[in-house]
Every structure is written in structure tokens, then in C-alpha cells.
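Remarks on the overall topology
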Amino acid sequence: MKRIFIVLGLLWCNGVKGQELKDTVAYAATLDAYQYKFADTAGVQHSLQEFEGKYIYLDIWASWCYPCRKEYPFLKELEHVVDPRKIEVVSISIDEQEYRWKGGMNGYGMNGGVQWWASDTMFVKTFRIDRIPRFILLDKKGNIMQFSMTRPSNEQTITFLKKLK
């Protein structure tokens, strides 16, 4: 009798996971990454549309997130390995206060590359950023290719990115 319940439980869990993935993929297809504005360190507003024609590897992080800071050296390496004519690496902080974002960048030496701040929480809500670090890959038109891309520390990330045409 226990075996039947275990099998039924596994079938139910697998069905739920499959449905969540399906919903996530369908949901990701509806998102417009170009509509959001982000501030640079000088306060100038930017859009991801500036990189139209390139793949965009988004790094979503916050100053208080130790795993985010731990990924940064790998992110820097990735920036140097991928072709900058094809792929843009963009770090977006979701810190609630600007001073925490800037302090985190400077305090941890994370001020290289494209560093923007998501001052509007709609980006976080719409993109369902429920954990960080979070990495998202956009195609050349700003559509989501990978809603949960692998981390820079994962050796498969560079291999995958280098294969992009």
C-alpha cells in the first residue's frame, strides 16, 4: 500500500513541476525586457534596448548577497572570454537603496563592466526575481532565451555562450 502512495506522490510532484516549467516558459515569452529603465552610477537612465542586436547575459544581484559577490570574479572572466560584439554582460542591482548598490560595488570591487540599478521594483516583480544571484539570457531582439541561465562559475555557461551565432 505504501508503494502505491509513493508512486502516486511522485507522479503528482512531477506533474506539478512540469506544469510550473511550462507556465514559466510561457510567461517568460510575454515579457518585454526593453521597457524597463535602469540607472547607471551617474544617475543616467538606460534601457536594455541599447544592446539590441547582441545577446544579453543579465546578472541580477544585490550588495547584501554573498553568493552574488562570490560569482563576480567568474562574471569578470566571462566578460573577457565572450565576444563583446555578440554578447553584452549587464549587471543589475536590485538593492532597495542606491547608496547600498554603490557601496556594494565599491566595497567589494564590483564596479567593472555595465553596472545598473533597478530603482523601480516592477522589474523585480515582473521578472519574478525570487532568488539571487539570478542570470537571464536575452536574444538579439530582447526576448528571453533562458529565464534561469547557468551561473558564470558553471563551466557550461561559457561553452553555451560561445556557441551562440
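Residues numbered from 1 in each chain as written. Predicted model: local features only at pLDDT ≥ 70, side-chain atom pairs only at ≥ 80, totals over all residues. Heavy atoms only, no water.

To continue, consider the pattern of salt bridges. A complete count under the given rule lists six salt bridges for this structure. One salt bridge in this structure joins lysine 54 and glutamate 88, with 2.9 Å as the shortest N-O distance. Of this pair, lysine 54 sits in the loop between strand E2 (45–46) and strand E3 (55–61) while glutamate 88 is found in strand E4 (residues 87–93), placing the two residues 34 residues apart along the sequence. In this structure, glutamate 71 and arginine 151 form a salt bridge, with 3.7 Å as the shortest nitrogen-oxygen distance. Of this pair, glutamate 71 sits in helix H2 (residues 66–81) while arginine 151 sits in the loop between strand E7 (144–146) and helix H5 (155–162), placing them 80 residues apart in sequence. (Salt bridge = Lys/Arg side-chain N within 4 Å of Asp/Glu carboxyl O. Helix = DSSP H or I, 4+ residues; strand = E, 2+ residues; numbered from the N terminus.)

What follows concerns the confidence of the model for the protein chain. In the predicted model, the protein chain carries a mean pLDDT of 85, and 85% of its residues have values of at least 70. Predicted confidence is poor over residues 1–22, with pLDDT under 50, and the contacts of this stretch with residues over four places away or in other chains come to zero contacts. (pLDDT = per-residue confidence, 0-100. Contact = heavy atoms within 4.5 Å.)

The residue after isoleucine 132, namely proline 133, is reached through a cis peptide bond having omega 0°. Turning to its location among the elements, proline 133 is positioned in the loop between helix H4 (122–126) and strand E6 (134–138). Phi is positive for arginine 128, which is not a glycine, with a value near 50°. Among the secondary structure elements, arginine 128 is positioned in the loop between H4 and E6. Taking the relative accessible area as the measure of exposure, arginine 128 reaches 43% and is therefore partly exposed. (Buried < 20%, exposed > 50% of the residue type's maximum accessible area, 1.4 Å probe, protein only.)

Turning our attention to the environment of glutamine 45. Among the secondary structure elements, glutamine 45 is positioned in strand E2. We classify glutamine 45 as partly exposed; its relative accessible area is 44%. Put simply, glutamine 45 and tryptophan 117 are 72 residues apart on the chain and 9.4 Å apart in space, counted from C-alpha to C-alpha. Excluding residues that lie within four positions of it along the chain, glutamine 45 makes contacts with Lys37, Phe38, Ala39 and Glu50.

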